[in-house]
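Listed below, chain by chain, are the residues.
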Amino acid sequence: MGLKICVFEGDGIGPEIMAPTQQVLDTAMAKVGAAPLSYTAHPAGAGHYAQTGDALPQASINAARASDAILLSAMGLPSIRKPDGTEITPQIELRFALGLYAGVRPVRVFPGQPTPLSDPRAAQIDFVLIRESTEGLFAHMHEGIVTEVDATETLRITRATSEKLFDFTFRLARQRAARRGRPARVTCVDKANVFRAFWFFREIFHERAQAFPGLVTDAAYVDAMAMWMVQRPWEFDVLVTENMFGDILSDLGAGLLGSLGLAPSADIGDGIAVFQPCHGSAPDIAGQGVANPLAMILSGAMMLDWLAGERDQPVLSAAAQMIENAVAQVVAAGQAVTADLGGSAGTEACADAVMAAMANA
Ligand code: ATP
């Protein structure tokens, strides 16, 4: 039997982009001669919360744990809220439930993709931001102490998680270097000049780097990095940072891409990982068949690439590469892209174009 994929179809445009993504994945798997993936959809999300009062049933978490990987579409709807007014966020709960400590946010501009930067070097933007996703300033979220006169939140960084985070980051940097044929550069982004916790974080970064000779490593303060990500983002390769800093910088990265419709992501733990687009459920365009499926499709390609290493099936990397190349072709041609990228194609026509590009590969 093929690898077991736990699917959360999500809310809003979620199901609309999930169906064509599975078709694209199936096409790529067939093309490289790999066994078809076995998908099972499980309930979660705002719609499920509205019906049952539970946004992420325990049975769904168990199913996610028992799968080889999890493919998650956009979740949440502004119209459906908890009694305290907050939106439901099962995608964040999953990070904690499954211990997904490394949030991977690639920031890559495809040839022909419009970006908000006018500098021609913006076409060379190709870096990845790794956001620690289970601790930092989020370690004790919802536990802040607020009195009449002050408010206190706690930032926690542990050696155990930091070591795993940096080892993952250095392995990923090596893989990127091999694929791109250029030396890897890994930058630790912190605030070590002011906070002792970040000095601790940075020291562990340098310690773990010793085990990965051949990598160029350096460190930068987060405020300077925010400026450089706008001034010269084409210079970076791999950035690794704390949870809250990563939260902010990953949106800055998505901003550089021009459209959220091209931003994939992965949340990785030990032997388990969730793959999902960076965008939300876009209720303003849901049900119209016009959502851009490419971020979800690229997230699916990241899943295959991760499974290739995790399940020792290198052929899946070839399938992932085939999907990325096909997406790059569709974006460059510009004829079958959706409105957010300046085209007039619908969701299905865009995904069909990706499959057609793979057929010719
Ligand atoms: P969340 O807080 O859940 O991330 P959000 O409220 O920030 O969500 P999105 O749902 O991501 O926002 O939508 C922001 C804007 O981007 C909307 O106008 C939406 O239509 C657009 N958008 C998001 N995803 C896509 C997509 N895949 N294709 C086209 N437009 C999209």
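Treat the numbers as computed from the prediction; the structure is a model and nothing was measured.

Turning our attention to the overall build of the protein. A count of helical and extended segments in the protein gives eleven helices and twelve strands. Along the first, second and third principal axes, the C-alpha atoms of the protein reach 55 × 50 × 45 Å. Among the 361 residues that make up the protein, the fraction classed as buried is 52%. Sequence-distant contacts, at least 24 apart, represent 75% of the contacts inside the protein between residues at least 6 apart.

Glancing now at the pattern of salt bridges. Evaluation of the coordinates by the stated rule reveals 20 salt bridges. A salt bridge links Lys191 to Asp223; the nearest nitrogen and oxygen atoms lie 3.0 Å apart. Residue Lys191 is found in the loop between strand 8 (185-190) and helix 6 (196-209), and its partner Asp223 is found in helix 7 (residues 222-231); the two are separated by 32 residues along the sequence. Here the salt bridges do not stand alone but share partners, grouping Asp126, Arg176, Arg180, Arg182 and Asp237 into one network.

The two faces of strand 3 (residues 69-72) match: Ala69 and Leu71 on one face and Ile70 and Leu72 on the other face are all buried. Sheet topology places strand 1 (residues 4-8) next to strand 3; four bridges connect them, and they run parallel. Across the sheet, residue Phe8 finds its bridge partner in strand 3, namely Leu72.

On to the packing of aromatic side chains, then. Each aromatic ring pair is summarised here by two numbers: the centre-to-centre distance and the angle between the ring planes. For the structure shown, the criterion picks out eight aromatic pairs. Connected via pairs of aromatic rings, a cluster forms that spans Phe166, Phe170, Phe195, Phe198, Phe201, Phe205, Phe212 and Phe245. Above the face of the Phe138 ring, Arg131 is positioned so that its terminal group lies 5.3 Å from the ring centre.

In the vicinity of the ligand, the residues found are Ile13, Leu260, His279, Gly280, Ser281, Ala282, Asp284, Ile285, Ala291, Asn292 and Asp340. In the environment of the ligand, an oxygen atom lies 3.3 Å from a nitrogen or oxygen atom belonging to the backbone of Ser281. In the model, an oxygen atom of the ligand is placed 2.9 Å from a nitrogen or oxygen of the Ala282 main chain. In the complex, the protein chains occlude 58% of the 620 Å² of accessible area that the ligand would expose alone.

The rules behind these values
- Residue numbering note: each chain is counted from 1, following its sequence as written.
- Under the rules for a predicted model, residues below a pLDDT of 70 receive no local features and side-chain atom pairs below 80 are neither given nor counted, while totals for whole chains, interfaces and linings still include all residues.
- The side-chain numbers reported here are obtained from all heavy atoms of the structure, hydrogens and water having been left aside.
- Going along the chain from the N terminus, every DSSP run of H or I of four or more residues is numbered as a helix, and every run of E of two or more is numbered as a strand.
- Partly exposed residues are those whose accessible area sits between 20% and 50% of the maximum for their type, while under 20% is buried and over 50% is exposed, using a 1.4 Å probe and protein chains only.
- Any two residues whose heavy atoms approach within 4.5 Å are treated as being in contact.
- Here, a salt bridge means any side-chain nitrogen of Lys or Arg that lies within 4 Å of a carboxyl oxygen of Asp or Glu.
- Whether two strands pair comes down to DSSP finding at least two bridges between them.
- Planes of paired rings set the category: under 30 degrees apart is stacked, over 60 is edge-to-face and the rest tilted, where pairs are Phe, Tyr or Trp rings (Trp by its six-membered ring) whose centres lie within 6.5 Å.
- Working rule: Lys NZ or Arg CZ, within 6 Å of ring centre, within 35 degrees of ring normal, means a charge sits over the ring.
- The criterion for a residue being near a molecule or strand is simple. One of its heavy atoms has to lie within 4 Å of it.
- Here a polar contact is taken to be a pair of N or O atoms separated by no more than 3.5 Å, where protein atoms must pair a possible hydrogen donor with a possible acceptor and residues adjacent in sequence count only if both atoms sit in side chains.
- Values of accessible area rely on a 1.4 Å probe in the Shrake-Rupley scheme; residue burial ignores everything except the protein chains shown.

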